[in-house]
Amino acid sequence: MNTPDPILAEDLAGILDAPLPWEQLYGRHVLVTGASGFIGGHIVEVLAWLNRCHPQANLRIHAMARDLEKLHQRLPWLDLPGEVTPLIQDVTRPCELNISPDIIIHAASPASPRYYLDRPVDTILANSNGTQQLLELARPRQAQFLFLSSGAVYGDNPLQINAIGEGDFGGEDPLTPRACYSESKRLAETLCQAYHAQYGIDTRIARISHCYGPGMRLDDGRAIADLLADVLADRDIRLDSDGSASRPFCYVSDTVLGLFHILFRGEPGNAYNLGETQETTILELAEKMIAAAGKRGRLSVRAQARSGLAPAARSSGHFNINKIRALGWVPQVNLDVGLSRLLQAYS
C-alpha cells in the first residue's frame, strides 16, 4: 500500500488529532465532489487516512471528478477504486451514484481566476445546476450537505471593513468577468438555504478565504502558485503589480480542519467564514517565499500587470472568524511555517 509523502502525512495526522467526534463518520457513505481539485482532494485524503488509522471506521468514500486520470494524479497514494470509489461525471448531470449518501461535500467549482474567466459558463453551471443536482440527491435520506463557498460572495467592500463578517455584503456588477464566480456562489448559497427551509436538508456553508499548501497546481494562476513555480524553476521573480495588495493566506490543513468543524459542530442553515486573519502583501509574500527557499536578490517589481486577469473587487480585507472560532477552530500554521512546508512538499 502506498503512503503519502512525509509533509502530507504530518498534516493528515494533525487534522485527525483534533478533538472532533470523528466516530460520527463511521459506517457512513460520503460523497466529495471536486475530488481532483486542491481542497476537494485534501478532504478525500483526510477521509481515507481516517480509514487507514481506524479500520473500524468502515467509511465509504465516493470521489466525484470529471477525469479519472486527473483523479489518479491528484491522489497518487490512494487505491482507486479500493480505498476510494471514483465517480467520473460532470457535477451538473444527475448523480450516477447507486446509493444515497449520508454526507455530501460539494467542492466542485473552478476557483482560480485563470480557469473561471476562461470557462464562465462551466463555472456558473457547476455552482448552480451542480448544487441543485446534489441537493436533490440529499433529499431521500436527508443527507448532511456542506457547500464550499468563497469570500467572493461579499462583493466589493465600500465601507472598507477590515474584518468582514458573515453579514457584510457589498455590491457586485453582474456583467463583470468575475461575476460568473461570485454571483453563482451566491446563488448556490441561496439554493442551500432554500432546500434547508423548504425540505429540511441540513445544509451548511463554508466561505473560504485564500488557501495554499501541498496539492496546489503550479499553473493555478494565483499569486502564491506563480511564486512557487518561479522558485521551484529557479527563475527570477517578477511581480505582476507593485505588490501592495494584501491577502490573508491560510494553510490547507487549517482550512480542511475548519471544514470538519463546520460539518461536526456547525448549525444547519448557517454560513461560516473560514480563513486566516493576518494579511500579507504580495510583495511580502514574494520575499518570504524567496527566504524560505534560501534564495537572495531574485525579485523585481513590474508596475504593469502581465496576466491580463480582471482585478478583484477587494484588494485587501480579511474575515471576521468569531463565528467559527466559537466552534473551536482557529488557524494554527503561520505563513512562514506554511511556506516552508509547501516548499518541502514540492522539493
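Residues numbered from 1 in each chain as written. Predicted model: local features only at pLDDT ≥ 70, side-chain atom pairs only at ≥ 80, totals over all residues. Heavy atoms only, no water.

**Examining the overall build of the chain**
Then, in step 1: Along the chain, the regular secondary structure elements total twelve helices and 15 strands.
Then, in step 2: What you see for the chain is a C-alpha radius of gyration of 19 Å, in line with the 20 Å of a compact globule of 347 residues.
Then, in step 3: In terms of principal-axis extent, the alpha carbons of the chain reach across some 55 × 45 × 35 Å.
Then, in step 4: For the chain, the proportion of its 347 residues judged to be buried stands at 52%.
Then, in step 5: Residue pairs in contact within the chain that sit at least 24 positions apart in sequence constitute 81% of those at least 6 positions apart.
Then, in step 6: Accessible surface, the chain as shown: approximately 14,900 Å² in total, 49% of it carbon and sulfur.
Then, in step 7: Measuring between centres, the 32 positive side-chain charges of the chain sit 1 Å from its 39 negative side-chain charges. (Helix = DSSP H or I, 4+ residues; strand = E, 2+ residues; numbered from the N terminus. Rg over C-alpha atoms; globule rule 2.2 N^0.38 Å. Buried < 20%, exposed > 50% of the residue type's maximum accessible area, 1.4 Å probe, protein only. Contact = heavy atoms within 4.5 Å. Areas by Shrake-Rupley, 256 points an atom, 1.4 Å probe, with all protein chains shown as cover. Lys, Arg positive; Asp, Glu negative; His and termini not counted. Charge placed at Lys NZ, Arg CZ, Asp CG, Glu CD.)

**Notes on a nonpolar patch on the surface**
Then, in step 1: On the surface, a cluster of nonpolar side chains totalling about 230 Å² of accessible area is made up of Val121, Ile124 and Leu125.
Then, in step 2: Tracing the chain through its elements places Leu125 in helix α5 (residues 120–127). (Patch = residues over 30% accessible without salt bridge, like charges linked within 9 Å, V, L, I, M, F, W, Y side chains within 5 Å. Salt bridge = Lys/Arg side-chain N within 4 Å of Asp/Glu carboxyl O.)

**A few points about the nonpolar core**
Then, in step 1: Trp22, Leu25, Ile43 and Phe260 are the most contacted members of the largest nonpolar core, which has 80 residues in total.
Then, in step 2: The element best represented in this core is helix α2 (residues 38–53), accounting for nine residues.
Then, in step 3: Residues within four places of Ile43 in sequence aside, it is in contact with Val32, Ile105, Leu148, Val256, Leu259 and Phe260.
Then, in step 4: With 22 residues, the next largest nonpolar core counts Met64, Ala126, Ala188 and Ile201 among its residues. (Core = buried A, V, L, I, M, F, W, Y, C linked by side-chain atoms within 4.5 Å.)

**Examining the side chain of Lys185**
Then, in step 1: By the element assignment, Lys185 lies in helix α7 (residues 179–199).
Then, in step 2: No salt bridge is formed by the buried Lys185; the nearest opposite charge belongs to Glu189, separated by 8.1 Å.
Then, in step 3: Residues within four places of Lys185 in sequence aside, it is in contact with Ser109, Asn127, Phe147, Leu148, Ser149 and Val153.

**A look at the sheet that holds strand β7 (residues 203–208)**
Then, in step 1: The strand order across the open sheet formed by seven strands is β3-β2-β1-β4-β5-β7-β12, and the pairing between neighbours is parallel. Because the sheet does not close on itself, it has two edges, and the strands there are β3 (84–88) and β12 (270–274). Each neighbouring strand pair of the sheet contributes to a mean axis angle of 20°, computed without reference to strand direction.
Then, in step 2: Sheet topology note: the strand β1 (residues 29–33)/strand β4 (residues 103–106) ladder contains four bridges and is parallel. In the sheet register, Thr33 faces β4, and the bridge partner there is His106.
Then, in step 3: Across the sheet, helix α6 (residues 129–138) touches β1, β2 (60–65), β4, β5 (144–150) and β7, and the angle it forms with β4 is around 175°. (Pairing = 2+ DSSP bridges. Axes fitted to C-alpha atoms, helices over the stretch in contact; angles between N-to-C directions.)

**Looking at the packing of α5 against α7**
Each packed pair of helices is defined by two parameters, the angle between the axes and the distance between the axes.
Then, in step 1: Packing of α5 against α7 leaves a shortest axis separation of 8 Å and a crossing angle of 10°. On the basis of the axis angle, α5 is roughly parallel to α7. Taken as a pair, α5 and α7 cross one another with a handedness that is right-handed. Facing Pro120, Thr123, Ile124 and Asn127 of α5, the residues of α7 in contact are Cys180, Tyr181, Ser184, Lys185 and Ala188. (Parallel < 35°, antiparallel > 145°, perpendicular 65-115°, else oblique. Left-handed = near helix turned anticlockwise from the far one by under 90°.)

**Description of the environment of Arg66**
Then, in step 1: Within the secondary structure, Arg66 is located in the loop between β2 and α3 (68–74).
Then, in step 2: Spatially, the C-alpha atom of Arg66 lies 7.9 Å from that of Val91, the residues being 25 residues apart in sequence.
Then, in step 3: Ignoring sequence-local partners within four residues, the contact set of Arg66 consists of Ile88, Gln89, Asp90 and Arg119.

**A look at helix α12 (residues 335–346)**
Then, in step 1: Between its first and last C-alpha, α12 extends 16 Å over twelve residues, near the 16 Å set by a 1.5 Å rise per residue.
Then, in step 2: Those residues of α12 lying buried are Leu335, Gly338, Leu339, Arg341, Leu342 and Leu343.
Then, in step 3: Structurally, α12 contributes buried residues whose contacts are with α1 (6–16), β8 (211–212), α8 (223–232), β11 (250–251), β13 (279–281) and α10 (282–292).
Then, in step 4: One side-chain oxygen at the N-terminal end of α12 lies 3.1 Å from the backbone nitrogen of Asp336; it belongs to Asn334. (Expected span 1.5 Å × (residues − 1). Polar contact = N/O pair within 3.5 Å; in protein donor to acceptor, adjacent residues only side chain to side chain.)

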